[in-house]
Amino acid sequence: MDAADEIWNRAALNGGGPDPSRGDLALTAVLGLHSLAMSGGLLDAVERVTPEQLAAAVEGYQWLGLDQAAEVVAMVRQEMDAGALDDDRGEALEVRADDEYARAIPGDQTLVDAFRTRLAEVPDAFKPALSTHPDIG
């Protein structure tokens, strides 16, 4: 396991760890929403998170350079706020949300690649992995 894998796992399993850095927070927020979207669809994911979690996920997608995904997530929230679930637009929104999200994030590798790119560009945005810490042999 390399340092990037360790940082990814820390975000996925431990919320970025204690005192997470900017990159850790972005990755954690994105992975949380993405996981929900993969299990129940994007509409369900947006419904299940708090407004703060949703805002963090949108910002996280943007920070990772995944602007199209951020736009889809924001669109779903806007449509929901405009009453799409209160009338016959709900089913259409669900299909549209999943289709557009799948175009933005065709697979988990898209997230992995975006994360690894940002880690290479701004390594200080992430707390170091334990395996790279100078005090650990």
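What this report covers is the structure whose coordinates are included nearby. (Residues numbered from 1 in each chain as written. Predicted model: local features only at pLDDT ≥ 70, side-chain atom pairs only at ≥ 80, totals over all residues. Heavy atoms only, no water.)

Now for the pattern of salt bridges. Per the stated rule, a full pass over the model turns up eight salt bridges. Here aspartate 24 makes a salt bridge to arginine 10, at a shortest N to O gap of 2.7 Å. With a gap of 14 residues between them, aspartate 24 in helix α2 (residues 22–40) and arginine 10 in helix α1 (residues 3–14) connect regions that are remote in the sequence. With a relative accessible area of 0%, aspartate 24 lands in the buried category. (Salt bridge = Lys/Arg side-chain N within 4 Å of Asp/Glu carboxyl O. Helix = DSSP H or I, 4+ residues; strand = E, 2+ residues; numbered from the N terminus. Buried < 20%, exposed > 50% of the residue type's maximum accessible area, 1.4 Å probe, protein only.)

This part covers the environment of aspartate 99. Inspection of the secondary structure assignment puts aspartate 99 in helix α6 (residues 90–104). Between the C-alpha atoms of aspartate 99 and leucine 42, which are 57 residues apart in sequence, the distance is 9.4 Å.

Moving on to helix α4 (residues 51–63). If you check α4, its first and last C-alpha atoms are 18 Å apart, about what 13 residues at 1.5 Å a residue would give, namely 18 Å. Its buried side turned inward, α4 meets α2, α3 (42–48), α5 (67–81), α6 and α7 (108–121). One or two positions beyond α4, positive phi appears at glycine 65, with a value near 85°. (Expected span 1.5 Å × (residues − 1). Contact = heavy atoms within 4.5 Å.)

Here we come to the environment of glutamate 94. Of note, glutamate 94 is situated in helix α6. Taking the C-alpha atoms as reference points, glutamate 94 and valine 76, 18 residues apart in sequence, are found 8.5 Å from one another.

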